[in-house]
Amino acid sequence: MKAGLEVHQQLSVGKLFCACSPELSEEVTYAFTRSLRAAGGENRAVDIAAALQASRGLVYRYEAVPSSCLVEMDEEPPHPLNEAALDAALTFALLVNARPVDEIEVMRKIVVDGSNTTGFQRTALVATDGTLEVGGKRYSIPTICLEEDAARKVRESPGEVTYRLDRLGIPLVEVATGPEIVSGAEGREVAEEIGALLRATRRVRRGIGTVREDVNVSAEGGHRVEVKGVQELRLIQEYVEREVGRQKFLLEIREVLVRRHARVPSDPPRDLTELFREVPTGPFSGAGKGGQVVLGISLPGFAGLLRSPPGSEERLGRELADYARSVGLRGLVHSDELPAYGVSSELVLTLRTRLSLSEPDAFVLVTDRSVERARSALERVRDRARAALEGVPGETRDPLPDGRTRFSRPLPGRDRMYPETDIPPIPIPGARVDRLRANLPERPQELKARLARTHGLPDEVVRQLVYGDLVERFEWLAAKGHSPNLVARLLTQDLPAVISERVEGPLFDPTNDLLDEVLKATEEGRIAKEGVPTVLRALASGEPTVGVAIEQTGLSGFSKEELLELVRKVVGENIDMIRSKGDAAFSPLMGDLMREVRGRRDGREVSEALRAEIARVRTTPR
Ligand SMILES: [Zn+2]
């Protein structure tokens, strides 16, 4: 397999072509609607992805926020390009040893899914030919671009999609790697390194949705597929691995189809509505009423290949259904899943006779109130079935939260770019590049070396701080005089654990001052370091101060004497086990004690007390 990444990082320097606030807003001041159609690109051809999106005929509704302006509504030409954003992109380019272009030419990239009021996205090439080294391997960075972010999708209803203008026009640095990534784990590591390099510019926005990755994957013998808009870095590995698995599956299916001489006819779909009038339940129960039709096509040679093979989660039937959905249907029903959905085995036999099928042949049914839409859905299903005879179709796919992906549209071609005539070319003089080069920030590799050197932290901890975007916080807390190890443990272990276990309520995002208080309490011995998660949990659920949190959780008031007493009691109760098992008795007793102590004393103190007590009773004659 091979894979490449496109990383899109929002910058924190205003908007790219106007002076509006880049903050997301829940306050909507007015709304307006637009329809979009696909026009030809620079060489007059209409891009296939654009044409498909336009053919859906959707109405796009845009919600303005208090700061929205005429540029965002596309009622006024764009203002000159944001120079601070350009400096940030150039700085990143220099960090990866890329070559800045002589002149910035802003282009329009046709995108007609409504995410831009203009029907295009402005984008500019900033630098080429960069490189990156991760784990001793070099990766190429062929292009670095500066783009405007799209509007934010807030709602979808039949025939209408609603976007909000707050995100539209936020500057994005787009970093593309070459296809040199050969495993999911490598993909994740490269994305982490690029993320850390982007943050090194100190001009990036933080938080959910501020960085998005497109992952291009192709398995050997397969085709390039783009998984678009992955927001969670840790899922990149999973998306890559699953996509490779999906492509291998499709290639295996192709072999069987070719062996069987499977084919996809192009005769008109059959109207089968009459046969479904009596179906009592399921998607076909409305057949013949209110204009609802049932149409079917045959797929000779496809029988048994539309369902998942044993032990696989992949299914050709789902791939076909995704294409039916792309014209607005809920889905389809295929012969491998029947009888079901209110369709009896008698009806299946009748359908097979009516469609003149023999044993290796499959069929596909769709139902809809619009016969036009049902027909075009089946045309799309046939396109997808034909692609199955070839292997893997090139597609753009949406990432799903569980690591799977879903077809969204064909891969866009080269026909969608043309020059933005409202922005004059911007020369990049050598002096500007030299000035930025002279002030380059610290690279992640240098940062890691410095953290390891100054604070004596292990490599793995340093890695987590740098790639987890925790360095600023770490340095702030370490500068307060706290032990680097204690701070690192708080930031890389205790805090993430408490944040991730919370299922309800707002995101727990404590201030640096509050964490400073927690660390002080630990160092003053008011809580043991094992008690930190408990205190954080109490703070997360609303306790006002660290003091109150300690009080409420009962972490205070367990003295050294009380600990020793508890140890003597536990050892006393288990004296027979200690005598028979010897050293092996330590672990279970330590477990019991830590459960009793619940973070009120330090773990090392507990283990020392236990060892001493065990040694004492073992040397004492019975
Ligand atoms: Zn604006």
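Along each chain, numbering runs from 1 in the same order as the chain's sequence is written. Local features in this predicted model are restricted to residues whose pLDDT is 70 or higher, and side-chain atom pairs enter the listing and the counts only when it is 80 or higher, whereas totals over whole chains, interfaces and linings include all residues. As a rule here, side-chain values cover all heavy atoms of the structure and leave hydrogens and water aside.

Thoughts on the coordination of the zinc ion
Moving on, step 1. Within the protein, the atoms that donate to the zinc ion are Cys-18 (SG), Cys-20 (SG), Cys-69 (SG) and Glu-72 (OE), at distances of 2.1 to 2.6 Å.
Moving on, step 2. Donor selection uses N, O and S atoms within 2.8 Å of the metal (3.2 Å for Na, K and Ca). Since no water is included, sites may look incomplete. Only two sets of limits are used to name each site, 85 to 135 degrees for every angle of a tetrahedral four-donor site, and over 155 degrees for opposite donors with all other angles from 65 to 115 for a square planar four-donor or octahedral six-donor site, with any other site named irregular. One way to put it: the 4 donor atoms around the zinc ion meet at angles of 87 to 127°, and that makes the site tetrahedral.
Moving on, step 3. Mapped onto the sequence, the donors of the zinc ion take the spacing C-x1-C-x48-C-x2-E. In this pair, Cys-20 sits in the loop between strand S1 (2-10) and strand S2 (30-34) while Glu-72 sits in helix H2 (residues 70-73), placing the two residues 52 residues apart along the sequence. Each of the two residues, Cys-20 as well as Glu-72, counts as buried. Going along the chain from the N terminus, every DSSP run of H or I of four or more residues is numbered as a helix, and every run of E of two or more is numbered as a strand. Buried, partly exposed and exposed residues are distinguished by accessible area as a fraction of the type maximum, computed with a 1.4 Å probe on protein chains only: under 20%, between the cut-offs, and over 50%, respectively.

A closer look at the pairing of strand S17 (residues 362-368)
Moving on, step 1. Counting buried positions along S17 gives 7 out of 7 residues, so the element sits mostly inside the fold.
Moving on, step 2. In terms of strand pairing, strand S15 (residues 293-299) meets S17 through 7 bridges, oriented antiparallel. Note that in S17 the partner of Gly-296 across the bridge is Leu-365.
Moving on, step 3. Note on pairing: DSSP must find at least two bridges between two strands before they are called paired. Here strand S16 (residues 333-334) pairs with S17 via 2 bridges, running antiparallel. Across the sheet, the residue bridging to His-334 is Val-364, located in S17.

Here we look at the confidence of the model for the protein chain
Moving on, step 1. pLDDT is defined as a per-residue confidence score from the predictor, taking values between 0 and 100. Considering every residue of the protein chain, the mean pLDDT works out to 90; 98% of them sit at 70 or more.
Moving on, step 2. Across the protein chain, the element-wise mean pLDDT spans from 72 in helix H1 (residues 48-55) up to 98 in strand S4 (residues 99-100).

A word on the sheet that holds strand S14 (residues 270-271)
Moving on, step 1. Taking strand neighbours across the sheet as the criterion, the 4 strands line up as S14-S15-S17-S16 in an open arrangement whose pairing is antiparallel. With partners counted over all chains shown, the strands left at the sheet margins are S14 and S16, one partner each.
Moving on, step 2. Against the sheet, helix H8 (residues 371-390) makes contact with S15 and S17, and its axis sits at roughly 20° relative to S15, the strand it touches most. Residue contacts follow a heavy-atom distance rule, with two residues in contact if any of their heavy atoms lie within 4.5 Å. Orientation is described by axes fitted as lines to C-alpha atoms, over the contacting stretch for helices, and by angles from 0 to 180 degrees between their N-to-C directions.

Quick notes on the packing of helix H13 (residues 484-501) against helix H15 (residues 532-540)
Moving on, step 1. It is the contact of H13 with H15, at a shortest axis distance of 10 Å, that shows an interaxial angle of 45°. Between H13 and H15, the interaxial angle falls into the category oblique. For H13 against H15, the interelement crossing comes out right-handed. Residues Leu-490, Asp-494, Leu-495, Val-498 and Glu-501 of H13 pack against Val-532, Pro-533, Leu-536, Arg-537 and Ala-540 of H15.
Moving on, step 2. Considering only residue class, the contact of H13 with H15 consists of 7 nonpolar, no polar and 3 charged. The scheme is simple: roughly parallel for angles under 35 degrees, roughly antiparallel for over 145, roughly perpendicular for 65 to 115, oblique for anything else. In this scheme, a crossing is called left-handed if the near helix is turned counterclockwise away from the far one by less than a right angle; it is called right-handed if the turn is clockwise. Classes in brief: Ala, Val, Leu, Ile, Met, Phe, Trp, Tyr, Cys and Pro nonpolar; Asp, Glu, Lys and Arg charged; the others, Gly included, polar.

Considerations on unusual backbone geometry
Moving on, step 1. Here the bond from Leu-338 into Pro-339 is cis, since omega is 0°, no more than 30 degrees from zero.
Moving on, step 2. Turning to its location among the elements, Pro-339 is positioned in the loop between S16 and helix H7 (345-354).
Moving on, step 3. A positive phi angle, near 60°, is found at Asp-129, a position not held by glycine.
Moving on, step 4. Along the chain, the position of Asp-129 falls in strand S7 (residues 120-134).
Moving on, step 5. The phi angle at Ser-356 is positive, at roughly 50°, despite the residue not being glycine.
Moving on, step 6. Structurally, Ser-356 can be placed in the loop between H7 and S17.
Moving on, step 7. Given a relative accessible area of 61%, Ser-356 falls into the exposed group.

Focus: the layout of surface pockets
Moving on, step 1. Buriedness of a pocket was judged along seven lines, with at least five required to meet protein on both sides within 12 Å; pockets are open sets of points on a 1 Å grid over the protein atoms alone, cavities are sets where a 1.4 Å probe fits but cannot get out, and lining residues have an atom within 4 Å of a point. Grid points are joined across faces, edges and corners, and a volume is the space filled by probe spheres set on the points. Its volume calculated, the second largest pocket comes out at about 1700 Å³.
Moving on, step 2. Looking at the second largest pocket, it is lined by 38 residues, and the ones nearest its centre are Gly-207, Ile-208, Gly-468, Asp-469 and Leu-470.
Moving on, step 3. Looking at the lining of the second largest pocket, its residues break down into 15 nonpolar, 10 polar and 13 charged.

Quick look at the environment of Arg-307
Moving on, step 1. Mapped onto the fold, Arg-307 is located in the loop between S15 and helix H6 (316-325).
Moving on, step 2. For the pair Arg-307 and Phe-92, spaced 215 residues apart in sequence, the C-alpha separation works out to 47 Å.
Moving on, step 3. Not counting the four nearest positions on each side in its chain, Arg-307 is found in contact with Arg-315, His-334 and Asp-336.

Examining the sheet that holds strand S3 (residues 59-64)
Moving on, step 1. Here 4 strands make up an open sheet; going across it, the order is S2-S3-S10-S9 and the pairing mixed. Each having just a single partner strand, S2 and strand S9 (152-157) make up the two edges of the open sheet. Neighbouring strand axes in the sheet, compared pairwise and without regard to direction, differ in orientation by 25° on average.
Moving on, step 2. Bridge count for S9 against strand S10 (residues 160-164) is 5 bridges, and the pairing is antiparallel. If you follow Lys-153 over to S10, its bridge partner there is Tyr-163.

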